[in-house]
Amino acid sequence: MAIERTLSIIKPDATRRNLTGAINQRFEEAGLAIVAQRRIRLTEAQARAFYAVHSERAFYDDLCAFMTSGPVVVQVLEGENAVDANRTIMGATNPANADSGTIRASFGETVEANSVHGSDSPENAAIEIAFFFAETDIVG
């Protein structure tokens, strides 16, 4: 098994409802360590740059507006197969389709306001982590 790092974002819908602790408890109980963490308010420029991969999609503007609507918690999770483990813990993008007990099934409100973001591959995790954190910010 490979020790990996992945980016996790606790989205504005979850921070608004004070769910940061409950969500992080899910990660930690599953064996993922939080090795970097910061509560920030994304600027429009940051949101557009971070989600640039979706810039041609119909939901891009709404996604950027949502992600700048309140504070988010950006963090680095570390553990065995962290990318896949995080995606399993999060559940399906649409909370209505997420397995019972996943973060999105428990806390997600809509496809957009689904409480969490997680990297979809080790390669993207490295890019996404570097977007928010310097290597010196990450302590394991």
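Look above for the structure.
Residues numbered from 1 in each chain as written. Predicted model: local features only at pLDDT ≥ 70, side-chain atom pairs only at ≥ 80, totals over all residues. Heavy atoms only, no water.

Draft legend 1. Inspection of the environment of E135 at higher detail. By the element assignment, E135 lies in the segment after α7 (122-132). With a relative accessible area of 55%, E135 lands in the exposed category. On a C-alpha basis, the gap between E135 and A36 in space is 9.6 Å, while along the polypeptide they are 99 residues apart. For E135, the side chain forms a polar contact with the side chain of R5, separated by 2.9 Å. (Helix = DSSP H or I, 4+ residues; strand = E, 2+ residues; numbered from the N terminus. Buried < 20%, exposed > 50% of the residue type's maximum accessible area, 1.4 Å probe, protein only. Polar contact = N/O pair within 3.5 Å; in protein donor to acceptor, adjacent residues only side chain to side chain.)

Draft legend 2. The nonpolar core, seen in detail. Counting 22 residues, the largest nonpolar core has I9, M67, F132 and F133 as the members making the most contacts within it. Elements supplying a minimum of two residues to this core: β1 (3-10), β2 (33-40), α3 (44-50), α4 (60-67), β3 (72-80) and α7. Top element by residues in this core is α4. It accounts for five residues. Not counting chain neighbours up to four residues away, the residues in contact with I9 comprise F50, Y51, M67, V72, V73, V74, S115, V116, H117 and F132. (Core = buried A, V, L, I, M, F, W, Y, C linked by side-chain atoms within 4.5 Å. Contact = heavy atoms within 4.5 Å.)

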